[in-house]
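# Architecture and fold: a report
Residues per chain, in single letters:
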Amino acid sequence: MIGSTVAKLWVDAGHEVCVASRHPEKLKPLTARLGARASAGTPLEAATFGDVIMLTVPLKAIPDLARDLAQSLAGKIVLDTGNAYERRDGDTARHATAHPQGSAGWAAAMFPDVRWVKAFNTVYFKTLETEAHRPGPRVGIPLAGDDPTALETAAALVRDAGFDPVIVGPLVRGKAFEPDTPPYNTGMSGDDLRALFGARVDTGS
């Protein structure tokens, strides 16, 4: 739901988007709703198509995707929306949470040479649907990654989707906005996130 919701926001902003599934024929109703700038393909086709890849899959699917796509994604920017949920992901969630760089670092380690950014993992998809481009302080989307250029690209895409990007720092700082942290699933504004992270998180490596 995160993927299809953000895909619509990006199409509305003028981007071309390829949505992916192992069964892309099932995505025809979605691409019909999204319009001419949207297409559907396999994960490999989407990885080849995109300059920026949004990964919106359960954490337990990451190892299989890494086996299939790591080479195709080398050099590209990946926006990782994932969270570790033990009830859904089992032992995978425990391993990912125990990683020194959190679940995003655990995932990124399987994709050498990929420019990994943790993004769009803190906000419920219905909030993304209803609060994009709202007047006044916009909903904040915290971002963490080790590549400054990738972070700036991610921030631009967050703005295009109608939200306020908040660059927290390197990828390890993504642990500050995983489940059971203050900003998770609260719909905080960008200004509120900056105040929170300014008090709690420095941006050094």
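The structure we're discussing is the one just above.
So, a few notes on the structure that sits alongside this text. Not measured: the values here are computed from a predicted model. (Residues numbered from 1 in each chain as written. Predicted model: local features only at pLDDT ≥ 70, side-chain atom pairs only at ≥ 80, totals over all residues. Heavy atoms only, no water.)

In this structure, Phe120 is a non-glycine residue whose phi angle is positive, near 60 degrees. The residue Phe120 is located in the loop between strand S5 (115–118) and helix H8 (125–131) in this model. Exposure remark for Phe120: the relative accessible area of 2% places this residue in the buried category. The backbone phi angle of Asp180 is positive, close to 70 degrees, even though this residue is not glycine. With respect to the element layout, Asp180 can be found in the loop between strand S7 (164–169) and helix H10 (190–200). Residue Asp180 is classed as exposed on the basis of its relative accessible area of 80%. (Helix = DSSP H or I, 4+ residues; strand = E, 2+ residues; numbered from the N terminus. Buried < 20%, exposed > 50% of the residue type's maximum accessible area, 1.4 Å probe, protein only.)

Two modes of strand pairing occur in sheets, parallel and antiparallel, and in both the strands are linked by backbone hydrogen bonds. Strand order in this open sheet of 5 strands is S3-S4-S5-S6-S7, and the pairing throughout is mixed. The two strands at the open ends of the sheet, each matched to only one other strand, are strand S3 (52–55) and S7. Mean inter-strand twist for the sheet, computed between neighbouring axes without regard to direction, equals 30 degrees. As paired elements, S3 and strand S4 (residues 77–80) share 4 bridges and run parallel to each other. (Pairing = 2+ DSSP bridges. Axes fitted to C-alpha atoms, helices over the stretch in contact; angles between N-to-C directions.)

Counting 33 residues, the largest nonpolar core has Trp10, Val117, Phe120, Leu143 and Phe163 as the members making the most contacts within it. Sorting the residues of this core by element identifies helix H1 (2–12), strand S1 (17–20), helix H2 (28–34), S4, H8, strand S6 (140–145) and helix H9 (148–161) as the ones contributing at least two each. Per element, the largest residue contribution to this core is 7 residues, and it comes from H9. Of all hydrophobic cores here, the second largest spans 22 residues; its members include Ile53, Leu69, Ala70 and Leu73. (Core = buried A, V, L, I, M, F, W, Y, C linked by side-chain atoms within 4.5 Å.)

Further remarks concern H9. The end-to-end C-alpha distance of H9, which contains 14 residues, comes to 20 Å, matching closely the 20 Å that a straight helix rising 1.5 Å per residue would cover. Buried residues along H9 sit in contact with H1, S3, S4, S5, S6 and S7. Structurally, the start of H9 carries an N-cap: the backbone nitrogen of Thr149 is 2.9 Å from a side-chain oxygen of Asp147. Positioned one or two residues after H9, Gly162 has a phi angle of 100 degrees, which is positive. (Expected span 1.5 Å × (residues − 1). Contact = heavy atoms within 4.5 Å. Polar contact = N/O pair within 3.5 Å; in protein donor to acceptor, adjacent residues only side chain to side chain.)

Along S4, one buried face is formed by Ile77 and Leu79 and the opposite face, lined by Val78 and Asp80, is buried too. Following the chain from S3 across helix H4 (residues 62–73) to the adjacent parallel S4, one finds a crossover that is right-handed. Direction of pairing for S4 relative to S5: parallel, over a ladder of 4 bridges. From the neighbouring strand, Leu79 faces S5, where its bridge partner is Val117. (Right-handed = clockwise from strand over helix to strand, strands pointing away.)

Here the focus is the pattern of salt bridges. Tallied over the entire structure, the rule returns 11 salt bridges. The shortest N-O distance in the salt bridge between Arg22 and Asp68 comes to 3.8 Å. Remark: Asp68 occurs in helix H4 and Arg22 occurs in the loop between S1 and H2; sequence separation between them is 46 residues. Taken together, the salt bridges that share partners define one network made up of Arg22, Asp64, Arg67 and Asp68. (Salt bridge = Lys/Arg side-chain N within 4 Å of Asp/Glu carboxyl O.)

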